[in-house]
2 protein chains.
Amino acid sequence: MSTASGRRKVTIHDVARQAGVSITTVSHSLNGKGVVAEETRARVHEVATKLGYSADAIARGLRSSRLGVLGLVIRPLDSLDSYQPIGVDYFMRFAGAAAVEALDRGFGLMLVRDPTTHSVPAIALAVDGFIISDPIANDPVIDLLNRHGIPLVAVGRDIDRPEFTDWLGEDTSQDTRTVIEHLSAHGARSIALVRGTDANSWNADSESAYRHWAAECGQPAAVYLEDERSGEDGGRAVAELMLASPTGVPDAIYCLTGRHAAGLQKRLVEQGHRVPIDVMIVAGADSEQTRNATPPITSIDLTPESTAKAAVTQLLQLLSDTPTAEHVRPSITNILRIRESTARV
Amino acid sequence: MSTASGRRKVTIHDVARQAGVSITTVSHSLNGKGVVAEETRARVHEVATKLGYSADAIARGLRSSRLGVLGLVIRPLDSLDSYQPIGVDYFMRFAGAAAVEALDRGFGLMLVRDPTTHSVPAIALAVDGFIISDPIANDPVIDLLNRHGIPLVAVGRDIDRPEFTDWLGEDTSQDTRTVIEHLSAHGARSIALVRGTDANSWNADSESAYRHWAAECGQPAAVYLEDERSGEDGGRAVAELMLASPTGVPDAIYCLTGRHAAGLQKRLVEQGHRVPIDVMIVAGADSEQTRNATPPITSIDLTPESTAKAAVTQLLQLLSDTPTAEHVRPSITNILRIRESTARV
DNA sequence: ATGAAAGCGCTAACAG
DNA sequence: CTGTTAGCGCTTTCAT
């Protein structure tokens, strides 16, 4: 209906001419900035609508150096060769939710691959701010963005950059404690931890909370490291390690990565271990693989939707000049999805 | 190293001053446009590098109305409330692959939610082109983009818009035939089809190819419709329908949506039907749910990576002024992943 | 071979 | 209350 007769984009001048005012008045009317007579404002709005006018985001961005776009880098995906489908629905949910939240706030969300290793498309450095998910230790992406003066918030700490405080995230230590308590309450005697090799805070904080607990109750700590890229096979490899271990298979395992947990369980079951009777398993990240495993694996739902929402909110807060007195680190509540893999009676 | 001493962004003027030339020369040198003495060009490059200069994408975009960003709308996700995690890894792979491909070609990739139903962030209409995945019948998004003169390519046809030819996609009919042949070759006598309710070409073309085959071999067509949003429960509902049907459960089922297939199989198995002995099941879209089902479900791998790559390529082709003599519809080869659910001996 | 100057469409001082 | 004007950083004629 209405709008565009000619192909040419309708500009602020067109609206000004039609409404019989200056472009300034149009700008003010539409942005609610200056002081404009109500009547005039109404007329301008009317004309603008009729013409289907909407301010050119580029021109506006040039003026106000605000493009209206947020960049998103998901670091764990950068190590993958090609955004493979390996049980990474957490990130799909995260990216989708971030996009939705950004859109709702009038921003676009641009997915970007590690801007340090590839020639950076200029546009990547023109965004208003960045969200960087699961930064690695001393993350070079953070350096790059700092160098360009681009605001960013991280999801998860940069474990080697204590001075960097613009991050938010799940309370990984709390999650670890929750899992351990759950396992203990169901009769676990020895609990092992399986973590990934990426140098991010999820791995680091989980391990340290686990070791802390082990030390506290005099339990020997059993920590297995397995590359995130290895998928289910990696989980099976860890299972072999446990099977061959002199201390045998522990009677409870907290395995951070969902796909490791799935492979681990499969291998143990194949070898005659019963889940949850002989061994209980909990995954640190819920995914389809944990939900669909046999039996389904108790997992922590990382609630990427709320994390993404919080990240966008915090970034936008950072962008607005209103100086946030203090860092309100939104506490994100993850949920333990209890399933059959820990259903001891 | 090098670069940014002051906080301020380094502009073309800085480079010009440092190199002792005009901004014009800098622009020409860096873009290889005008005629510049080799010596000068070299010096400019040197200075630019030393200063860490890179042209502001926004300013450049304003001049050349080329922002360097592609928009991506995934229609099936718009109907979902919030990009839920329901076995949609196809789209994650698609979005990720599209982003990577775009980045490799010097473009950014912006995820956008249905720009017709929400207030359009101005930036959405400033992108250079759009990819719209699985448009619905007479898709209003296509209207909107056309109205704004924004180039687009669709992945999948708009089934009610025959005149629109800028689309590409898997050969859905071929996939259907492949599946039917596979099932027939394994002794299927009666094959049923389960499709979704979205008015997109995947559903439409699959059904029509199926009906065509049924008519050809005198088989009665059995088509079940189930809402895409219903997930595994929807699959179970279809199973109930089949169980209650006077003709009974068919001995082979082609179920487009992976999560329907998973639920369907679960319910049938619960009711004592053996897969693949009594009934074989094939899903039209591989996903974690089909891979992890018990037994694993034979599925078509939609190879979103190659589709995304082709979509980006075609859109960029469209954007370049080089008039493409003819529409080369890249044929995308989907792969039938054969698993236990059709492993009749 | 190089540079001056005119904008791209918009916002924000600053006048009137 | 409204309009004039000066750019934002860059590309691109058109002179020189």
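Here is what the cut-offs are and how they apply
- Residues numbered from 1 in each chain as written.
- Chains lettered and ligands numbered in written order.
- Predicted model: local features only at pLDDT ≥ 70, side-chain atom pairs only at ≥ 80, totals over all residues.
- Heavy atoms only, no water.
- Pairing = 2+ DSSP bridges.
- Helix = DSSP H or I, 4+ residues; strand = E, 2+ residues; numbered from the N terminus.
- Contact = heavy atoms within 4.5 Å.
- Axes fitted to C-alpha atoms, helices over the stretch in contact; angles between N-to-C directions.
- Buried < 20%, exposed > 50% of the residue type's maximum accessible area, 1.4 Å probe, protein only.
- Polar contact = N/O pair within 3.5 Å; in protein donor to acceptor, adjacent residues only side chain to side chain.
- Near = heavy atom within 4 Å.
- Nonpolar A, V, L, I, M, F, W, Y, C, P; charged D, E, K, R; others polar.
- Core = buried A, V, L, I, M, F, W, Y, C linked by side-chain atoms within 4.5 Å.
- Salt bridge = Lys/Arg side-chain N within 4 Å of Asp/Glu carboxyl O.
- UniProt positions renumbered as here; feature names shortened; annotations may be inferred.
- Parallel < 35°, antiparallel > 145°, perpendicular 65-115°, else oblique.
- Left-handed = near helix turned anticlockwise from the far one by under 90°.
- Domains from an automatic or database assignment.

How do you make sense of the sheet that holds strand β1 (residues 69-74) of chain A when you look at a structure like this?
Backbone hydrogen bonds are what pair the strands of a sheet, in a parallel or an antiparallel way. Strands sit in the order β5(A)-β4(A)-β3(A)-β1(A)-β2(A)-β2(B)-β1(B)-β3(B)-β4(B)-β5(B) across an open sheet of 10 strands; the sheet is mixed. The sheet is open, and its two borders are formed by β5 (167-168) of chain A together with β5 (167-168) of chain B, each paired with just one other strand. Relative to strand β4 (residues 152-155) of chain B, strand β3 (residues 129-133) of chain B runs parallel, the two being bridged by four bridges. Looking across to β4 of chain B, one finds that Ser133 of chain B is bridged to Val155 of chain B. Taken strand by strand, helix α13 (residues 304-319) of chain A contacts β1, β3 (129-133), β4 (152-155) and β5 of chain A, and its axis lies near 160° from that of β4 of chain A.

Sorry if this is basic, but what is going on with helix α1 (residues 12-19) of chain A here?
For the α-helix, the turn length of 3.6 residues means that residues three or four positions removed from each other point alike. All names here are of chain A. Looking at α1, one finds that the buried residues are Asp14, Val15, Ala16 and Ala19. On its buried face, α1 sits against α2 (23-31) and α3 (38-51). With a side-chain oxygen lying 3.0 Å from the backbone nitrogen of His13, the N-terminal cap of α1 falls on Thr11. The first or second residue beyond α1 is Gly20, which carries a positive phi of 70°.

What am I meant to see in the protein's contact with DNA strand D here?
The full set close to DNA strand D counts 25 residues, and Thr24, Val35 and Arg63 of chain A together with Ile12 and Tyr53 of chain B are the nearest of them. A breakdown of the atoms of DNA strand D within 4 Å of the protein gives sugar and phosphate a share of 60%. A distance of 3.2 Å separates a phosphate oxygen of DNA strand D from a polar backbone atom of Asp56 of chain B. Between DNA strand D and the protein, one listed contact pairs a base oxygen with a side-chain N or O atom of Arg63 of chain B at 3.3 Å. Looking at the surface near DNA strand D, the elements with two or more residues in it are α2 and α4 (57-64) of chain A together with α2 (23-31) and α4 (57-64) of chain B. Top contributing element to the surface near DNA strand D by residue count: α2 of chain B, with five residues. Residue composition of the surface near DNA strand D, grouped by class: 11 nonpolar, nine polar and five charged.

Looking at this structure, I do not really get the side chain of Asp114 of chain A. What am I missing?
Residues and elements named next belong to chain A. Assignment of secondary structure puts Asp114 in the loop between β2 (108-111) and β3. Polar contacts involving the side chain of Asp114 include one to the side chain of Arg75, which spans 3.5 Å. Polar contacts involving the side chain of Asp114 include one to the side chain of Thr116, which spans 2.6 Å. Beyond its immediate sequence surroundings of up to four residues, Asp114 is in contact with Val73, Arg75, Asp78 and Val141.

Sorry, what's going on with the side chain of Arg75 of chain A here?
Residue and element names in this part refer to chain A. One can find Arg75 in helix α5 (residues 75-79). Overall, Arg75 belongs to the buried group, its relative accessible area being 8%. Side chain to side chain, Arg75 and Asp139 meet in a polar contact 2.8 Å long. When residues no more than four places from it in sequence are discounted, the contact partners of Arg75 are Asp114, Ile132, Ser133, Asp134, Pro135, Ile136, Asp139, Pro140 and Val141.

Got a minute to help me understand the nonpolar core in this structure?
For soluble globular proteins, nonpolar side chains are generally found buried alongside one another. Counting residues in hydrophobic clusters, the biggest one holds 94 residues, and the most contacted among them are Ile131 of chain A together with Ile131 of chain B. Apart from residues no more than four positions distant in its own chain, Ile131 of chain B is found in contact with Gly71, Leu72, Val73, Phe94, Val153, Val155, Ala311, Val312 and Leu315 of chain B. By size, the runner-up hydrophobic cluster in this structure holds 44 residues, among which are Val141 of chain A together with Val73, Ala126 and Ala154 of chain B.

Quick question: what am I supposed to make of the pattern of salt bridges here?
Two side chains carrying opposite charge are able to pair once their charged atoms lie near each other. All names here are of chain B. Applying the stated criterion across every chain yields a total of 39 salt bridges over all chains. Across the salt bridge formed by Asp143 and Arg161, the nearest N and O atoms sit 2.9 Å from each other. With Asp143 in helix α7 (residues 140-147) and Arg161 in the loop between β4 and β5, this pair connects stretches of sequence that are 18 residues apart. In this structure, Arg229 and Asp198 form a salt bridge, with 3.7 Å as the shortest nitrogen-oxygen distance. Residue Arg229 is found in the loop between β7 (222-225) and α10 (231-244), and its partner Asp198 is found in the loop between β6 (191-195) and α9 (201-216); the two are separated by 31 residues along the sequence.

Please clarify how the sheet that holds strand β11 (residues 335-337) of chain B should be interpreted in this entry.
Residues and elements named next belong to chain B. Ordered by their spatial adjacency, six strands build an open sheet running β7-β6-β8-β9-β10-β11, and the pairing between neighbours is mixed. Two strands lie at the open edges of the sheet, namely β7 and β11, each paired on one side alone. With direction set aside, neighbouring strand axes in the sheet form an average angle of 20°. As paired elements, strand β10 (residues 298-301) and β11 share three bridges and run antiparallel to each other. What sits directly across from Ser299, in β11, is Arg337.

Help me understand the UniProt feature "domain: HTH lacI-type" (unreviewed entry) in chain A in this model?
The UniProt feature table records "domain: HTH lacI-type" (unreviewed entry) at residues 10-64 of chain A. The straight-line gap between the two end C-alpha atoms of residues 10-64 of chain A is 20 Å; of that span, 71% is helix and 0% is strand.

Help me understand the protein's contact with DNA strand C in this model?
Taken together, 24 residues sit near DNA strand C, with Ile12 and Tyr53 of chain A together with Val35, Ala37 and Arg63 of chain B positioned nearest. For DNA strand C, the backbone portion of the atoms within 4 Å of the protein, that is sugar and phosphate, comes to 62%. Arg63 of chain A is positioned such that a nitrogen or oxygen atom in its side chain is 3.2 Å from a base oxygen of DNA strand C. Measuring from a phosphate oxygen of DNA strand C, one finds a side-chain N or O atom of Thr40 of chain B at 2.8 Å. Within the residue set of the surface near DNA strand C, elements represented by two or more residues are α2 and α4 of chain A together with α2 and α4 of chain B. The class makeup of the residues in the surface near DNA strand C is 11 nonpolar, eight polar and five charged.

Help me understand the packing of α1 of chain A against α3 of chain A, please; the structure alone is not making it clear to me.
Packed helix pairs are specified by the crossing angle of their axes together with the interaxial distance, meaning the distance between the axes. Residue and element names in this part refer to chain A. Between α1 and α3, whose axes approach to 9 Å, the crossing angle comes to 125°. As summarised for this structure, α1 and α3 are arranged oblique, according to the angle between their axes. Here the hand of the crossing between α1 and α3 comes out right-handed. Side by side, α1 and α3 meet where Asp14, Val15, Gln18 and Ala19 of the first sit next to Arg43, Val44, Val47, Ala48, Lys50 and Leu51 of the second. Looking at the contact of α1 with α3 residue by residue, the class counts come to six nonpolar, one polar and three charged.

I tried to follow the domain arrangement of chain A on my own but got confused; where do I start?
One frequently used descriptor of interface size is the decrease in accessible area upon assembly of the parts. When the domains of chain A are assigned, the result is domain 1 (12-55), domain 2 (69-170 + 305-332) and domain 3 (172-302 + 336-342). On a C-alpha basis, the centres of domain 1 of chain A and domain 3 of chain A stand 61 Å from each other.

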